[in-house]
2 protein chains.
Amino acid sequence: MARIKVLEKVLDANDKIAADNRRIFADRRITAVNLMSGPGAGKTSVLEQTLPRLARKHPVAVIEGDIATTADAERIAALDVPVVQINTDRLGGACHLEALGIQTALAELPPDGFRYLFIENVGNLVCPAEFDLGESLRVGVLSVTEGEDKPRKYPLLFRVIDLLLVTKVDLLPHLRLDLERLLTNVRSVKADLPVIRFSAVTGEGVDEWLAWLEGHAPAG
Amino acid sequence: MARIKVLEKVLDANDKIAADNRRIFADRRITAVNLMSGPGAGKTSVLEQTLPRLARKHPVAVIEGDIATTADAERIAALDVPVVQINTDRLGGACHLEALGIQTALAELPPDGFRYLFIENVGNLVCPAEFDLGESLRVGVLSVTEGEDKPRKYPLLFRVIDLLLVTKVDLLPHLRLDLERLLTNVRSVKADLPVIRFSAVTGEGVDEWLAWLEGHAPAG
């Protein structure tokens, strides 16, 4: 009897391309950081605080993911940072970025021009966490206005990230949020996840975040 | 030559079940309201403000959609309102509710016990807008902390809704948000979309929202 060939699961094509991306990043000694969050958590504001300071020491570039518009890419370009916008409504995968999109975007960036690549994923706490892009680091962004319960409701994202930026902490005095309960919920999903309190308004956490990034760059 | 049978697109199975749901709601004169938003926009807080007051005049029920946890269903049950929780991680459709889930949940609610059914979708600005549940009304919830650009970035959701609740307006004095720009972006996607400014903290907008709901109930 002939052996039945079982088709690979859908994600595998993405996984193969992600492995290619990972090799490209290693060869070129690029630290690729995949930023993931729900809509409006402040990913672009994090980048606006990060890029000018990081760029003084290391060349940087950005890939922006959105379903539609180039609004975020325009904010990055205003900082004089090379940026490519991916609009997923033309790429079939509406709610997240995929590895092939990253590879295509990479070809549009200066070939040896940067050491840090920030990938701003589509604003979504579900699908982005399911797709490997070949990135070096995964960073979650959660704003204090989103409530304490998000880590428990969207556990996969909090499980796959290497660092959590808790943003908009300048708003804490005006919210009923219980920050300790939020952090307990984070730890219940991933006990050892590092967390940085961040505010794009006051600058809180920016130094710590930059130190974390430098600490995770490849040697050489 | 044999005719090639082309399979229906994936969404059609859902559309058929949604049509069944729509018939059930019409027969039982239930106003089914599908609440859609990103994570943490305040859908459950809207319901906490709505249900006790609406229930004085009409029996209500709730279907809660989440990937994981029963946190929101517990908040609703505390109001003594019949509630069914759908956890989508067990239903295959992780990032949104589908019509079959609604039909299954309906069977768990008191058969003739309510006139308003609120369906709190999974927190996500992308996928929920793509799946018809057979609902009577679609309501979008967007908090002022999410920024001005969301209607342009997630146009489908803003296009399919019948009303937008702009929540957390009590935080406006503490934000840099330009509310007029947000509303201009809403109108650029759907010119005639009604918008209600809402705060679960101050109660702003609750009367207007209840009046809107009553104005959209089926006659009889």
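In this text, all values refer to a predicted model and were calculated from it rather than measured experimentally.

A. Just the overall build of chain A, in detail. Secondary structure assignment for chain A yields eight helices and seven strands. In terms of overall dimensions, chain A is globule-like: its C-alpha atoms have a radius of gyration of 18 Å, near the 17 Å expected for 220 residues. Referenced to the eigenvectors of the C-alpha coordinate spread, the extents of chain A come out at roughly 65 × 45 × 35 Å. Across chain A, the fraction of contacts at a sequence separation of at least 24, relative to all contacts at a separation of at least 6, is 74%. Of the roughly 9700 Å² that chain A leaves accessible, carbon and sulfur atoms contribute 53%. Across chain A, the centroid of the 26 positively charged side chains sits 4 Å from that of the 31 negatively charged ones.

B. Broad picture of the relation of the copies chain B and chain A. Under the fitted operation, chain B is carried onto chain A by 0.0 Å of movement along the axis and a turn of 180°, and the coordinates agree to an RMSD of 0.0 Å. What the rotation and shift describe, once combined, is the action of a two-fold rotation axis. Take the interface residues of chain B: 97% of them recur as interface residues in chain A, which is what a same-surface contact looks like.

C. Summary view of the packing of aromatic side chains. Residues and elements named next belong to chain A. Tallying each qualifying case throughout the model produces six aromatic pairs over all chains. Aromatic side chains Tyr116 and Phe118 sit 6.4 Å apart centroid to centroid with 15° between the ring planes, which places their arrangement in the stacked category. Taking 6.2 Å as the distance between ring centres and 15° as the angle between the ring planes, the aromatic pair formed by Trp209 and Trp212 counts as stacked. Separated by three residues within a single helix, Trp209 and Trp212 lie in helix 8 (residues 206–215), roughly one turn from each other. The class of Trp209 is buried, set by a relative accessible area of 0%. An aromatic cluster of three or more residues is present, and its members are Tyr116, Phe118, Trp209 and Trp212.

D. Inspection of the sheet that holds strand 3 (residues 83–87) of chain A at higher detail. Residues and elements named next belong to chain A. An order of 3-2-4-1-5-6-7 is seen for the seven strands of this open sheet, with the pairing classed as parallel. Every other strand in the sheet has two partners, leaving strand 3 and strand 7 (195–197) as the edge strands with one partner each. Recorded for the sheet is a direction-independent mean angle of 20° between the axes of neighbouring strands. The pairing of strand 2 (residues 60–66) with strand 3 spans five bridges and is parallel. Counted as the bridge partner of Glu64 is Gln85 from strand 3.

E. Layout of the packing of helix 2 (residues 43–55) of chain A against helix 8 of chain A. Residues and elements named next belong to chain A. Relative to each other, helix 2 and helix 8 sit at 65°, their axes nearing to 11 Å. For helix 2 against helix 8, the interelement crossing comes out right-handed. Side by side, helix 2 and helix 8 meet where Val46, Gln49, Thr50, Arg53 and Leu54 of the first sit next to Val206, Asp207, Trp209, Leu210 and Leu213 of the second. In the contact of helix 2 with helix 8, the residues fall into six nonpolar, two polar and two charged.

Here is what the cut-offs are and how they apply
- Residues numbered from 1 in each chain as written.
- Chains lettered and ligands numbered in written order.
- Predicted model: local features only at pLDDT ≥ 70, side-chain atom pairs only at ≥ 80, totals over all residues.
- Heavy atoms only, no water.
- Helix = DSSP H or I, 4+ residues; strand = E, 2+ residues; numbered from the N terminus.
- Rg over C-alpha atoms; globule rule 2.2 N^0.38 Å.
- Contact = heavy atoms within 4.5 Å.
- Areas by Shrake-Rupley, 256 points an atom, 1.4 Å probe, with all protein chains shown as cover.
- Lys, Arg positive; Asp, Glu negative; His and termini not counted.
- Charge placed at Lys NZ, Arg CZ, Asp CG, Glu CD.
- Least-squares fit on C-alpha atoms with pLDDT ≥ 70 in both.
- Phe/Tyr/Trp six-rings, centres within 6.5 Å; stacked < 30°, edge-to-face > 60°.
- Buried < 20%, exposed > 50% of the residue type's maximum accessible area, 1.4 Å probe, protein only.
- Pairing = 2+ DSSP bridges.
- Axes fitted to C-alpha atoms, helices over the stretch in contact; angles between N-to-C directions.
- Left-handed = near helix turned anticlockwise from the far one by under 90°.
- Nonpolar A, V, L, I, M, F, W, Y, C, P; charged D, E, K, R; others polar.

These results come straight from atomic positions and should not be treated as a statement about function.
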